[in-house]
Amino acid sequence: MARLSKAIKDPKKTLYQMILIRSFEEKVEQLFQQGKIHGTMHLCIGQEATAVGVCSLLDNQDKIISTHRGHGHCIAKGTKVDRMMAELLGKETGYCKGKGGSMHIADLDKGNLGANGIVAGGLPIAVGAALTSHMKNLGYVVCCFFGDGATNEGAFHEALNLASIWNLPVIFFCENNKYAMSGSTDDMINIQKIADRSKSYGIPGITIDGNNINEVADAIDTAIKHAKNNKGPTLIEAETYRWRGHSRSDARKYRDREEEKEWRDNRDPIALFIEQLKENNILTDGELEDIKKRVIEEIEEAVKFAEDSVEPSINSLKEDIYA
Amino acid sequence: MREITYLEAVKEAMIQEMKENDDVFIMGEDIGIYGGAFGVTNGMFEEFGPERVRNTPISESAISGCVIGAAVTGMRPILELQFSDFITIATDNIANQAAKLRYMFGGKGKVPIVVRTPGGSGAGFAAQHSQSLEAWMTHIPGLKVVQPSSPYDAKGLLKAAIDEDNPVMFYEHKLLYGTREGVPEESYTIPLGKAETKKEGKDLTIVATGIMVQRSLKAAELLSKEGVNIEVVDPRTLVPLDKDTILHSVKKTGRVLIVYEAVKRSGYGAEIASVIAESDVFDYLDAPIMRLGGEEVPIPYNPELERKAVPQVDTIMDAVKEMMI
């Protein structure tokens, strides 16, 4: 029988969140195709286990920093899908009043310090947020999400070193989805495990199956305890896969359809978790249907809320620059 | 009033703020026991300890982002960047993060950081340690940019910068660190966005920034012996810019020379010139608006070449005389 992580306290809520993220992303894709969302978007379909596995173990006061592919992180940290959808539609009721869009959703009250459009841009900021926790003795941890591509940025290396020498409560969580836009990890990184980069900075590093939420939960549980016991940062590399292209304009010429099929058919994080829950007699077909139904309702309400919301006033153009 | 140096004024402002507010701390390279590359933090490590005077690795990318994360979560960090040239390495954090977070987040979050950094030439440090790049920062909405020219201003402006809830770029000048004047011992604030007329005059206005304020005052003193009465205006903060004080002065004198150390092309003096040209004061001008800035060269090492690369008292005097013909 599949082993379930003891760190997952509420498996059905966890599953609900994973399905909510996927449905949100599918709806966003649809609205984009209908021309209701402009700009670009970076969908995290296929990576739901990392977002939910991490955030479901964080307290409200714990903080995250997200990436350009950040919708899942936001939802998992408790950010509401209605105001997220409103933000994607550029509405005044959006989390950023329509000024940030997909790449900059932040919800400071929920400990979401924001998605960051600069690759590796979030890492030094996460170190600083952890420094506050340390200096004010606040007891929270900071989890910084980033992709495989970020680990080739100087900021990644500087941030890990700084967090290590100051022994700060920060978790560096690498979602290795095998491609930094078109650059595959095989071509761009000359070591097998990104987690090995932790050795250079004297901190623990671990590689896990990022599509198995139980592995994610166990790893993050250990890293949180490590950080909260004043033992400093951890680097977690979670192997995963984005089903869609990097963004809307991506024709995915750099990878083959067989590989995509393999990850979709055999390593779908949601299908795997459902299977595990059923094997352990935690989830019935009826309960699954109920979850899916409630998710659809929540997404439909979010779309309605967003579409019914007003556009930001033109006066707001010059507001919010300075505090 | 007791006299202290510009360097001591900067340090005194930091010490007073750190005593008053536990959230204020400083980080930077070699600012611990070493006391900072120019000695500004000398003694602070002993007074406040390693938690609040945080000596960092040479990692401008990490430390410039670290202060942002600390600020967004409730601290009021001061970052000492050893030379202002190193802003090149910290620019992602300053331009893409600190300046924009609040706007991108729709008015949520504050980034109360002060980036203190010495700029300017004249110390023999050559091309990578002598630049005046402040105009770059003035171009980015979300930042405030301060350039004090005297010990008194440095202390009051730094207090204002630390109390400010927005990111502030605080440009000190290497050659000014040793200059002295009377500075009150007690804490005081000079609000950001307030220029000061350093010398009254009626024939021509010099708007000067940073060390060029001192050189312009010297030039004005020498020119007064030749019967030319110069007014010297120091904006003190480039962003926000006190346009009123500048325009008021130019309206009075009818002539304006803008003096700055940075490369003349696209330097902040071009912005000041445009502000004047676009205003109704344009009608009061008796001569074209003139700029005197640095040569369009990297700062050279040889002392005489280095001197020639930026305005000096004699070249300021020459420029004034040319305008008075």
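Since we're looking at a predicted model, the values are computed, not measured. (Residues numbered from 1 in each chain as written. Chains lettered and ligands numbered in written order. Predicted model: local features only at pLDDT ≥ 70, side-chain atom pairs only at ≥ 80, totals over all residues. Heavy atoms only, no water.)

**Here's the deal with the overall build of chain B**
- When helices and strands are counted, chain B shows 12 helices and 14 strands.
- Here chain B has a C-alpha radius of gyration of 19 Å; the compact-globule value for 325 residues is 20 Å, and the two agree.
- Considered along the principal axes of its C-alpha atoms, chain B spans approximately 60 × 45 × 40 Å.
- Residues counted as buried form 62% of the 325 residues belonging to chain B.
- For chain B, restricting intrachain contacts to residue pairs at least 6 apart in sequence, the fraction spanning at least 24 positions comes to 82%.
- A total of about 12,100 Å² of accessible surface is found on chain B, and carbon and sulfur atoms cover 51% of it.
- Computed over 34 positive and 47 negative side-chain charges, the separation of the two mean positions in chain B equals 2 Å. (Helix = DSSP H or I, 4+ residues; strand = E, 2+ residues; numbered from the N terminus. Rg over C-alpha atoms; globule rule 2.2 N^0.38 Å. Buried < 20%, exposed > 50% of the residue type's maximum accessible area, 1.4 Å probe, protein only. Contact = heavy atoms within 4.5 Å. Areas by Shrake-Rupley, 256 points an atom, 1.4 Å probe, with all protein chains shown as cover. Lys, Arg positive; Asp, Glu negative; His and termini not counted. Charge placed at Lys NZ, Arg CZ, Asp CG, Glu CD.)

**Here we look at the overall build of chain A**
- Helix and strand counts for chain A stand at 11 helices and eight strands.
- A compact globule built from 323 residues would reach a C-alpha radius of gyration of about 20 Å, and chain A, at 19 Å, matches this within 12%.
- With the C-alpha coordinates aligned to their principal axes, the bounding extent of chain A is approximately 55 × 50 × 40 Å.
- Here the contacts in chain A between residues at least 6 apart in sequence split such that 74% fall between residues at least 24 apart.
- Accessible surface, chain A: about 13,300 Å² in total, of which carbon and sulfur atoms supply 47%.

**Re the sheet that holds strand β10 (residues 204-208) of chain B**
Residues and elements named next belong to chain B.
- The mixed open sheet is built from five strands, whose spatial order is β9-β11-β10-β13-β14. With partners counted over all chains shown, the strands left at the sheet margins are β9 (196-199) and β14 (290-294), one partner each. Sheet twist, expressed as the mean angle between neighbouring strand axes with direction ignored, is 25°.
- The pairing of β9 with strand β11 (residues 230-234) spans three bridges and is classified as antiparallel. (Pairing = 2+ DSSP bridges. Axes fitted to C-alpha atoms, helices over the stretch in contact; angles between N-to-C directions.)

**Quick look at the domain arrangement of chain B**
All names here are of chain B.
- Along its sequence, chain B is carved into domain 1 (3-182) and domain 2 (196-324).
- For domain 1 versus domain 2, the distance between C-alpha centres works out to 26 Å.
- Taken residue by residue, the interface counts 26 residues in domain 1 and 25 residues in domain 2.
- The largest per-residue losses of area from domain 1 upon contact with domain 2 belong to Ser121, Gln147 and Ser149, which jointly make up 25% of the total buried on that side.
- Linking domain 1 with domain 2 are two salt bridges, by the criterion used here.
- A salt bridge links Arg236 to Asp153; the shortest N-O distance between them is 3.1 Å.
- Those elements giving two or more residues to the side of domain 1 that touches domain 2 turn out to be α6 (134-138), β6 (144-146) and α7 (151-163).
- Residue composition of the side of domain 1 that touches domain 2, grouped by class: 12 nonpolar, 11 polar and three charged. (Domains from an automatic or database assignment. Buried area = accessible area lost by both parts, 1.4 Å probe. Salt bridge = Lys/Arg side-chain N within 4 Å of Asp/Glu carboxyl O. Nonpolar A, V, L, I, M, F, W, Y, C, P; charged D, E, K, R; others polar.)

**Considerations on the packing of aromatic side chains**
- Scanning the entire structure with this criterion turns up 12 aromatic pairs over all chains.
- Pairing Phe145 of chain A with Phe173 of chain A gives two aromatic rings, centres 5.5 Å apart and planes at 70°, and the pair type is edge-to-face. Residue Phe145 of chain A is located in strand β3 (residues 142-147), and its partner Phe173 of chain A is located in strand β4 (residues 170-176); the two are separated by 28 residues in the primary sequence. Across the pair, Phe173 of chain A and Phe145 of chain A agree in class, each one buried.
- Looking at Arg54 of chain B, its charged tip hangs above the ring of Trp166 of chain A, at a distance of 4.2 Å from the centre.
- Here the guanidinium or amino end of Lys144 of chain B rests over the ring plane of Tyr322 of chain A, the centre of that ring lying 5.2 Å away. (Phe/Tyr/Trp six-rings, centres within 6.5 Å; stacked < 30°, edge-to-face > 60°. Lys NZ or Arg CZ within 6 Å of the ring centre and 35° of its normal.)

**Let's talk about the nonpolar core**
- Counting residues in hydrophobic clusters, the biggest one holds 85 residues, and the most contacted among them are Leu123, Phe146 and Phe172 of chain A together with Met27, Met137, Met169 and Ile276 of chain B.
- There are two domains that each give this core at least three residues, and those are domain 1 (3-182) and domain 2 (196-324) of chain B.
- With residues near it in sequence (within four places) discarded, Phe146 of chain A still touches Thr67, Leu123, Thr151, Phe156, Phe172, Phe173, Cys174, Glu175 and Leu235 of chain A.
- Cys44, Val141, Ala219 and Leu288 of chain A belong to the second largest nonpolar core, which has 64 residues in total. (Core = buried A, V, L, I, M, F, W, Y, C linked by side-chain atoms within 4.5 Å.)

**Regarding the interface of chain B and chain A**
- Residue-level contacts link 42 residues of chain B with 40 residues of chain A.
- A combined buried area of about 3,300 Å² lies between chain B and chain A, and 64% of that area is made up of carbon and sulfur atoms.
- Counting across the interface, chain B meets chain A through one salt bridge.
- Asp23 of chain B serves as the salt-bridge partner of Lys136 of chain A, at 2.7 Å between the closest nitrogen and oxygen.

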